[in-house]
Amino acid sequence: MFRDTVGMFYLLPPRNTLVAAALSLVLSRLSSSSLSVPDVPHIATYFGTKTRYEEVNPHLLRDVLSVNKSVLKPPPTERCSPVHLTAVIRHGSRYPTVKNIRRIQKLSELVRREASRGSAGSWLQDIQSRWENWYTEDMDGQLVMKGRDDLRQLAQRLSALFPSLLSEENMRRISLRSSSKHRCVSSVEAFQDGLQQVWRRSEVQYRHQVDDELMRFFERCRGYVEGVEKNRTALLEVEKFKHGEEMEGVRRRMAERLGLPHQRLTPDLVEAAFFLCSYELSIKSVHSPWCFLFDENDAKVLEYKSDLKQYWKRSHGHVISSLSSCPLFHHVFRTLDRAGRPRRSTEASPEPASILVGHAETLLPLLSLLGLYKDETPPTSNNYHTQHGRSFRTSLIVPYAANLLFVLYDCQRGPRLQLLINESPVRFPGLEAEDAPLYRDVRATYRHLLDGCDFHSECEGRPGGRGPNTEL
Ligand SMILES: *[C@@H]1O[C@H](CO)[C@@H](O)[C@H](O)[C@H]1NC(C)=O
Ligand SMILES: *[C@@H]1O[C@H](CO)[C@@H](O)[C@H](O)[C@H]1NC(C)=O
């Protein structure tokens with residue numbers, strides 16, 4: 001059930017009106033150099049896990065089905081052909097969850113009642129008289145229309161990139177699994193819609209399996225739940241940053257722009273305004289007047305706050321977070337092992353593709369377990385100014401519809417494996433010399449995990465958590 005027509009809100013009338021209004025908003029604040037992209041907020045690349053996929057791959061704004069085949073990089077001399085694709089995919093754009101809908105409610109009432117129109121730009125007038133709070137609690141995190149498009153179009157691009165794997169003949173041999181959450185199930189359905197459109201089949205049949213053991217491993221790992229999720233001190237860095245100097249600055253500037261006393265805005269309400277800007281872009285493709293509350297430096301601070309949270313909750317901050325993904329890690333490598341094994345001609349051919357749809361919380365631990373995006377210095381509450389060049393930027397890693405692709409090739413020297421993240425090549429840590437190293441070298445690099453990484457001993461192992469070992 002999608003409610004895209006219900007939320008008649010800020011500037012929905014005909015498109016030229018919308019563009020004109022967006023233009024006037026832009027003009028009221030920015031120089032004319034920004035006119036080339038009037039409807040994308042200047043802070044759109046800093047929304048963390050609420051970033052649109054298009055911000056990571058801007059060429060898709062011109063042609064959403066464009067595919068760059070040169071991202072596939074097996075050695076040209078070895079006559080390689082892809083034999084298997086495993087894709088771990090995050091759901092597409094979604095509505096806010098109840099927690100954020102309530103914050104949006106509070107914020108919009110506060111701004112409507114108390115913000116002063118005095119010196120602010122016309123955007124404040126737009127918030128106060130033209131913008132309507134159209135978010136309702138029943139939307140709670142569900143996939144939006146745009147989110148369905150995200151997955152449908154991703155499926156179409158992947159089938160153009162791997163025509164021999166995601167082919168109609170292979171239809172019944174492609175495995176599809178999803179988290180049980182509504183937004184993920186809707187996403188895996190949309191992915192299948194995309195494939196069936198390519199195959200020009202009118203009768204869409206869904207054949208995915210729901211598998212939370214695989215896609216929501218994090219909530220089943222006791223060591224993780226107790227050591228990190230329910231443990232307030234595990235996210236101390238986030239709490240400290242939330243009330244630290246940089247966030248205070250953002251809060252003060254936002255209060256000034258709204259003509260509100262500083263103490264009326266909590267850090268949560270500041271974040272709610274930032275998220276509002278992100279939601280209106282990702283759900284409606286609209287440049288919301290809320291976006292004008294932040295300049296680029298404010299957005300970088302708020303992005304850092306989200307990155308800190310993800311780092312300490314889902315990534316390298318605590319080893320148990322990545323270890324909780326051991327079941328998914330083993331599943332992926334078992335699938336690759338089977339696909340790469342030499343076969344007698346009488347044997348059935350292996351799965352051409354395995355599509356696994358989950359959450360940012362599914363992808364981040366797995367990426368961390370693989371050793372990716374691990375900077376030398378961990379991000380903390382007091383080193384913001386040295387972290388501008390960090391690789392751990394969730395806006396780039398886990399936007400909506402983020403995807404981690406394992407591409408297995410059959411080559412003259414044996415199977416090779418390539419990694420792509422959000423459709424761009426990424427090299428395996430420790431094997432940086434090649435885009436697609438031999439599969440046996442990848443296995444050797446991860447030997448310690450292939451031989452260990454046991455869910456039960458890592459997650460249930462020592463009661464009371466893993467003590468000091470949980471921290472990096
Ligand atoms: C295509 O991908 C290759 C390899 O990642 C990259 O070097 C190139 O710039 C891309 N081309 C376009 C048009 O995006
Ligand atoms: C909670 O986190 C802190 C900091 O990471 C850690 O020292 C402590 O052992 C954790 N507590 C539990 C119960 O795991």
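Keep in mind that this is a model prediction, so the values were computed, not measured.

**Some thoughts on the overall build of the protein chain**
Move 1: The helix and strand tally for the protein chain stands at 20 helices and seven strands.
Move 2: Evaluated residue by residue, the protein chain yields a buried proportion of 58% over its 472 residues.
Move 3: The long-range fraction of contacts in the protein chain, counting pairs at least 24 apart against all pairs at least 6 apart in sequence, stands at 79%.
Move 4: When the accessible area of the protein chain is evaluated, it comes to approximately 20100 Å², of which 48% is carbon and sulfur surface.

**Observations regarding the state of the cysteines**
Move 1: One pass over the full model with this rule turns up four disulfides.
Move 2: Across the disulfide from Cys80 sits Cys411; the S-S distance is 2.1 Å. Torsion about the S-S bond of the Cys80 and Cys411 cystine: about 120°, corresponding to right-handed handedness. In this pair, Cys80 is assigned in the loop between α3 (59–62) and β1 (81–90) and Cys411 in strand β5 (residues 403–411), connecting sequence segments 331 residues apart. Cys411 matches Cys80 in its accessibility class, with the two residues each being buried.
Move 3: Disulfide partner of Cys221: Cys459, at an S-S distance of 2.1 Å. The chirality of the disulfide connecting Cys221 with Cys459 is left-handed, given an S-S dihedral of about -95°. With Cys221 in the loop between α8 (212–215) and α9 (222–229) and Cys459 in helix α20 (residues 455–459), this residue pair connects regions lying 238 residues apart in the sequence.
Move 4: Across the protein chain, the disulfide pattern expressed with sequentially numbered bonded cysteines is 1-6, 2-8, 3-4, 5-7.

**Remarks on the packing of aromatic side chains**
Move 1: The final tally for this structure, using the stated rule, is 18 aromatic pairs.
Move 2: Measuring from ring centre to ring centre gives 6.1 Å for Phe329 and Tyr446, while their planes differ by 80°; the resulting arrangement is edge-to-face. Note that Phe329 is positioned in helix α15 (residues 326–340) and Tyr446 in the loop between α18 (439–445) and α19 (447–451), a separation of 117 residues in sequence.
Move 3: Residue Tyr446 is classed as buried on the basis of its relative accessible area of 3%.
Move 4: Between the aromatic rings of Phe333 and Tyr446, the centroid separation amounts to 6.1 Å while the plane-to-plane angle is 65°, which identifies the pairing as edge-to-face. Here the residue Phe333 occupies a position in helix α15, and Tyr446 occupies one in the loop between α18 and α19, the gap between them amounting to 113 residues. The burial state of Phe333 is the same as that of Tyr446; both residues are buried.
Move 5: One cation-aromatic arrangement involves Lys284 over Trp134; the distance from NZ or CZ to the ring centre is 4.6 Å.
Move 6: A cation over an aromatic ring shows up here: Arg314 above the ring of Phe218, its NZ or CZ 5.1 Å from the ring centre.

**Points about the pairing of β1**
Move 1: Of all 10 residues in β1, seven are buried, a share of seventy percent or more.
Move 2: Direction of pairing for β1 relative to β5: antiparallel, over a ladder of eight bridges. Paired with Leu85 across the bridge in β5 is Val407.
Move 3: Here β1 pairs with strand β4 (residues 353–358) via six bridges, running parallel.

**Overview of the site of ligand 1**
Move 1: If you check the shell around ligand 1, you find Asn68, Ser70, Val71, Lys73 and Pro425 and nothing else.
Move 2: Contact with the protein chains hides 37% of the accessible area of ligand 1, taken as 360 Å² for the molecule alone.
Move 3: Taken together, the residues of the shell around ligand 1 break down into two nonpolar, two polar and one charged.

**Quick word on the sheet that holds strand β6 (residues 414–421)**
Move 1: Read from one edge of the open sheet, seven strands run β3-β2-β4-β1-β5-β6-β7, paired in mixed fashion. Either end of the sheet is taken by a strand with one partner, and the two such strands are β3 (209–210) and β7 (424–426).

**What about the confidence of the model for the protein chain?**
Move 1: On average, the protein chain scores 90 in pLDDT, and the residues at 70 or more come to 89%.
Move 2: Confidence over residues 1–18 falls short of pLDDT 50; this stretch has 37 contacts with residues more than four positions distant or in other chains.
Move 3: Note that pLDDT drops below 50 for residues 463–472; the model gives that stretch 16 contacts with residues more than four away or on any other chain.

**Comments concerning the pairing of strand β2 (residues 175–178)**
The two faces of the sheet receive side chains in turn, since in a regular strand these alternate between them.
Move 1: Neither face of β2 is exposed, since Ser175 and Arg177 on one face and Leu176 and Ser178 on the opposite face are all buried.
Move 2: As judged from the four bridges shared by β2 and β4, these two strands associate in the parallel manner. Paired with Arg177 across the strands is Leu356, a residue of β4.
Move 3: Where β2 lies against β3, two bridges are found, and the strand directions are parallel. Each residue of the ladder has a partner; that of Ser178, found in β3, is Val210.
Move 4: Running through helix α7 (residues 182–198), the crossover from β2 to the neighbouring parallel element β3 is right-handed.

**With respect to the environment of Val225**
Move 1: Following the sequence through the fold, Val225 ends up in helix α9.
Move 2: Between the C-alpha atom of Val225 and that of Ser324, which follows or precedes it by 99 residues, the distance is 9.7 Å.

Analysis parameters
- In every chain, residue numbers begin from 1 and rise along the written sequence.
- To label them, take the chains in the order written and letter them from A, then take the ligands in the order written and number them from 1.
- It should be noted that, the model being predicted, local features are given only for residues of pLDDT at least 70 and side-chain atom pairs only at 80 or more, the latter also being counted only at that level, while totals for whole chains, interfaces and linings use all residues.
- Only hydrogens and water are set aside when side-chain values are computed; all heavy atoms of the structure are taken into account.
- Only runs of H or I of at least four residues qualify as helices and only runs of E of at least two qualify as strands under DSSP, and these elements are numbered from the N terminus.
- Accessibility here uses a 1.4 Å probe with only protein chains present; expressed as a share of the type maximum, an area under 20% marks a residue as buried, one over 50% as exposed, and anything in between as partly exposed.
- Between two residues, a contact is recorded if the distance between any of their heavy atoms is within 4.5 Å.
- Surface accessibility in these figures is a Shrake-Rupley result with a 1.4 Å probe; residues are shielded only by whichever protein chains are displayed.
- Only a pair of cysteine sulfur atoms within 2.5 Å counts as a disulfide in this structure description.
- In this analysis, rings of Phe, Tyr and Trp, with Trp reduced to its six-membered ring, are considered paired at centre separations within 6.5 Å, and the interplanar angle assigns stacked below 30 degrees, edge-to-face beyond 60, and tilted for intermediate values.
- The rule is short: NZ of Lys or CZ of Arg within 6 Å of the ring centre and within 35 degrees of the ring normal puts a charge over the ring.
- By this definition, two strands are paired if DSSP reports at least two bridges between them.
- One heavy atom within 4 Å of a molecule or strand is enough for the residue carrying it to be called near that molecule or strand.
- Here the term charged refers only to Asp, Glu, Lys and Arg, the term nonpolar to Ala, Val, Leu, Ile, Met, Phe, Trp, Tyr, Cys and Pro, and the term polar to all other amino acids, Gly among them.
- Confidence of the predictor at the level of single residues is given by pLDDT, which spans 0 to 100.
- A crossover gets the label right-handed when its path from the first strand over the helix to the second runs clockwise, viewed with the strands pointing away from the viewer.

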